[in-house]
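Overview (structure and organization)
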There are 2 protein chains.
Amino acid sequence: MTQAAPELVASNKCFDGWLKRYKHSSTTTGTEMVFAIYLPPQAQTQPVPVLYWLSGLTCTDENFMQKAGAQRVAAELGVAIVAPDTSPRDTDLPGEHDSYDFGSGAGFYVNATETPWSAHYRMYDYVTDELPALIEQHFPVTPKRAISGHSMGGHGALICALKNPGRYVSVSAFAPISNPINCPWGEKAFSGYLGTDREAWKAWDSCELIATAKERLLILVDQGEADDFMQEQLKPEALKAACASAGHQLELRMRPGYDHSYFFIASFIEDHLRHHARALKQT
Amino acid sequence: MTQAAPELVASNKCFDGWLKRYKHSSTTTGTEMVFAIYLPPQAQTQPVPVLYWLSGLTCTDENFMQKAGAQRVAAELGVAIVAPDTSPRDTDLPGEHDSYDFGSGAGFYVNATETPWSAHYRMYDYVTDELPALIEQHFPVTPKRAISGHSMGGHGALICALKNPGRYVSVSAFAPISNPINCPWGEKAFSGYLGTDREAWKAWDSCELIATAKERLLILVDQGEADDFMQEQLKPEALKAACASAGHQLELRMRPGYDHSYFFIASFIEDHLRHHARALKQT
């Protein structure tokens, strides 16, 4: 489907490439959506592959681009980075802005089935279908895609890759919510977006998806050991057990002293970018 | 003078070192002040030299540490970075919070002589005397100091170095307000803090200080050519002329396409850190 060109909102030169913010009318969410794209200098002369970055609770498209320091490495490697927002905005659904972990800023990368959320909160379709199609139509990129994210966005990256064999060449995550059907953040979000049938939740849970995955891409994960959310919300041990049980390759790197912040992400983003670039540049 | 130990406010591991925020009761400003210090991994075993970073209008100690990507290079080079706030806060002076370019977030690194500002707005003494003394007393650092900054903080870095021969081993700036006595931001700030006698302003203007400087440290400056503030507020041409006239070494690098944002700073901070590290590590 041909989509209208997105409208440029802001533009900053960065490491000899360009960081650009756009808005567009999303047919998936029925709202205006904003995203950011970093185009490395190589994109001025040839199409480049794309890493999709999914952010965590409360974030917009801006946090990663301002705080992770990823553009430096992306400019060296010739990889574009696309960062969508974390939810539709301004739908004015009841309670949309009442909590940091549900509604705006907390779309959880699922397709909501419960009213009133199901009309707009379809972030899974948005980030796996509509946004890549828009990017590949209007920017100098190849159809090679990698995906990564942080916390709620780490969960998002994992489920997007696990549910779409062949769509991404590589996947990684920082401190992902690995087993949302068994943690407070996930239970709150899935109850609201997906309803009370816990069976239906399993289609959106990495640990469940790993058991039956049709593609066994290596999962690269960094997890800070001083992360206050690790035990109750993130559950790297559940991810480890699910991968071990299914024979799914996992490189889980526990990082002593590191917390849940962007200072942790910045410290290890270069490793992730190099991991993705190796896969993205294979012909 | 022995100063009480500052109180830890926050701490994040970052590139194997530690970013820490502290608050302390400042005798210079008569207020509580917050600052950030990044201690590279080398500081765990030996004292390290310090780069002082002065931020621009509206910033706190946080902007640079979150957005510049400097910790990666500081960790490699073994250099600490100290970022003070840009003004006293919460003095509740009339009009303190009315504009972005005067009062809180806009101390301009001068010692105010006009009431009511003179009681608290003494950021020059704070950043050149009280803060370094505090840092050198309570942290594992050497007395080797370098200084840099952005915009208002670029002005600050230049005047601090020019007014204190021997105190800093190197100085640099990003898009500094080079000639504040001849631009709207400077005229507004200096009128408010220093009064109507324009002669008195000259003691706080880089271009004026360069004419009579007792030490001729190379000045390293990066300036984006797409910076919206360049012509009216920053005046790199005035800095160039002042240096040429006085025989002061200036390395002014004009950067096509770059603007006034932290994306510009992030793109070139590594060059500045390496410049400072060369001077800081000379014995």
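Structure's up top.
To keep things clear, this report deals only with the structure shown in the data block.

So, how was this worked out
- Residues numbered from 1 in each chain as written.
- Chains lettered and ligands numbered in written order.
- Predicted model: local features only at pLDDT ≥ 70, side-chain atom pairs only at ≥ 80, totals over all residues.
- Heavy atoms only, no water.
- Bend = angle between axes of the 7 residues up to and from the residue.
- Helix = DSSP H or I, 4+ residues; strand = E, 2+ residues; numbered from the N terminus.
- Buried < 20%, exposed > 50% of the residue type's maximum accessible area, 1.4 Å probe, protein only.
- Polar contact = N/O pair within 3.5 Å; in protein donor to acceptor, adjacent residues only side chain to side chain.
- Least-squares fit on C-alpha atoms with pLDDT ≥ 70 in both.
- Contact = heavy atoms within 4.5 Å.
- Buried area = accessible area lost by both parts, 1.4 Å probe.
- Salt bridge = Lys/Arg side-chain N within 4 Å of Asp/Glu carboxyl O.
- Nonpolar A, V, L, I, M, F, W, Y, C, P; charged D, E, K, R; others polar.
- Axes fitted to C-alpha atoms, helices over the stretch in contact; angles between N-to-C directions.
- Parallel < 35°, antiparallel > 145°, perpendicular 65-115°, else oblique.
- Left-handed = near helix turned anticlockwise from the far one by under 90°.
- Phe/Tyr/Trp six-rings, centres within 6.5 Å; stacked < 30°, edge-to-face > 60°.
- Lys NZ or Arg CZ within 6 Å of the ring centre and 35° of its normal.

It is worth spelling out helix H10 (residues 262–280) of chain B at this point. All names here are of chain B. Approximately 50° is the largest bend angle found in H10, and it occurs at phenylalanine 268. Burial analysis of H10 places 15 of its 19 residues in the buried class, the great majority of the element. For H10, the side-chain oxygen to backbone nitrogen distance between the N-cap and phenylalanine 263 is 3.1 Å, and the N-cap itself is serine 261.

Turning our eyes to something else, we now look at the relation of the copies chain A and chain B. Relative to chain B, chain A is turned by 180° and slid 0.0 Å along the rotation axis, the superposed coordinates differing by an RMSD of 0.0 Å. These values place the two chain copies in the arrangement generated by a two-fold rotation axis. Interface overlap between copies: 100% of the residues of chain A at the interface are likewise at the interface in chain B, consistent with a symmetric, same-surface contact.

At the junction of the two partners, chain A supplies 23 residues and chain B supplies 23 residues. Looking only at chain A, the three residues that lose the most surface to chain B are Lys13, Gln66 and Phe263 of chain A, adding up to 36% of its buried area. Across the contact surface, chain A and chain B share 0 salt bridges. Counting across the chain A and chain B interface gives 8 residue pairs in polar contact (both at pLDDT 80 or more). Among the secondary structure elements, those contributing two or more residues to the side of chain A that touches chain B are strand S1 (7–14), strand S2 (17–25), helix H1 (62–67), helix H2 (70–77) and helix H10 (262–280) of chain A. Considered class by class, the residues forming the side of chain A that touches chain B number 10 nonpolar, 7 polar and 6 charged.

Residues and elements named next belong to chain B. Packing of helix H2 (residues 70–77) against H10 leaves a shortest axis separation of 9 Å and a crossing angle of 30°. With respect to H10, the element H2 is oriented roughly parallel. Between H2 and H10 the crossing geometry is right-handed. Residues Ala70, Arg72, Val73, Ala74, Glu76 and Leu77 of H2 touch H10, and the partners they reach there are Ile269, Glu270, Leu273, Arg274 and Ala277. Its residues placed into classes, the contact of H2 with H10 shows 7 nonpolar, no polar and 4 charged.

Further remarks concern the environment of glutamine 233 of chain A. All names here are of chain A. Note on placement: glutamine 233 falls in helix H8 (residues 230–234). Sequence separation between glutamine 233 and serine 206 is 27 residues; the distance between their C-alpha atoms is 13 Å. Here tryptophan 185 takes part through its backbone nitrogen, which lies 2.8 Å from a polar atom of the side chain of glutamine 233.

With that settled, consider the packing of aromatic side chains. As enumerated under the stated definition, the model contains 36 aromatic pairs over all chains in all. Ring centres of phenylalanine 102 of chain A and tyrosine 193 of chain A lie 4.3 Å apart, and the angle between their planes is 25°; on these two criteria the pair is classed as stacked. A residue pair is termed long-range when its members are at least 10 positions apart, and phenylalanine 102 of chain A in the loop between strand S5 (80–84) and helix H3 (123–138) and tyrosine 193 of chain A in helix H5 (residues 184–194) qualify at 91 residues. By the burial criterion, phenylalanine 102 of chain A is buried, and tyrosine 193 of chain A matches it. Relative to phenylalanine 174 of chain B, the ring of tryptophan 53 of chain B has its centre 5.8 Å away and its plane inclined at 55°; by these criteria the two rings are tilted. Here tryptophan 53 of chain B is found in strand S4 (residues 48–54), whereas its partner phenylalanine 174 of chain B is found in strand S7 (residues 170–174), with 121 residues between them in sequence. Note on tryptophan 53 of chain B: relative accessible area 0%, which makes it buried. Classification of phenylalanine 174 of chain B by relative accessible area gives buried; the value is 0%. Taken together, the aromatic side chains of Trp53, Phe64, Phe174, Tyr258, Phe264 and Phe268 of chain A make up a single cluster linked through ring pairs. We note lysine 163 of chain A situated over the ring of tryptophan 204 of chain A; from NZ or CZ to the ring centre the distance is 4.1 Å.

With that settled, the discussion passes to the pattern of salt bridges. It is possible for side chains bearing opposite charge to pair when their charged atoms get close. Residues and elements named next belong to chain B. Applying the stated rule across the entire model yields 36 salt bridges over all chains. Arginine 72 serves as the salt-bridge partner of glutamate 270, at 2.8 Å between the closest nitrogen and oxygen. Of this pair, glutamate 270 sits in helix H10 while arginine 72 is found in helix H2, placing the two residues 198 residues apart along the sequence. Two residues, aspartate 125 and arginine 122, come together in a salt bridge whose shortest N-O distance is 2.8 Å.

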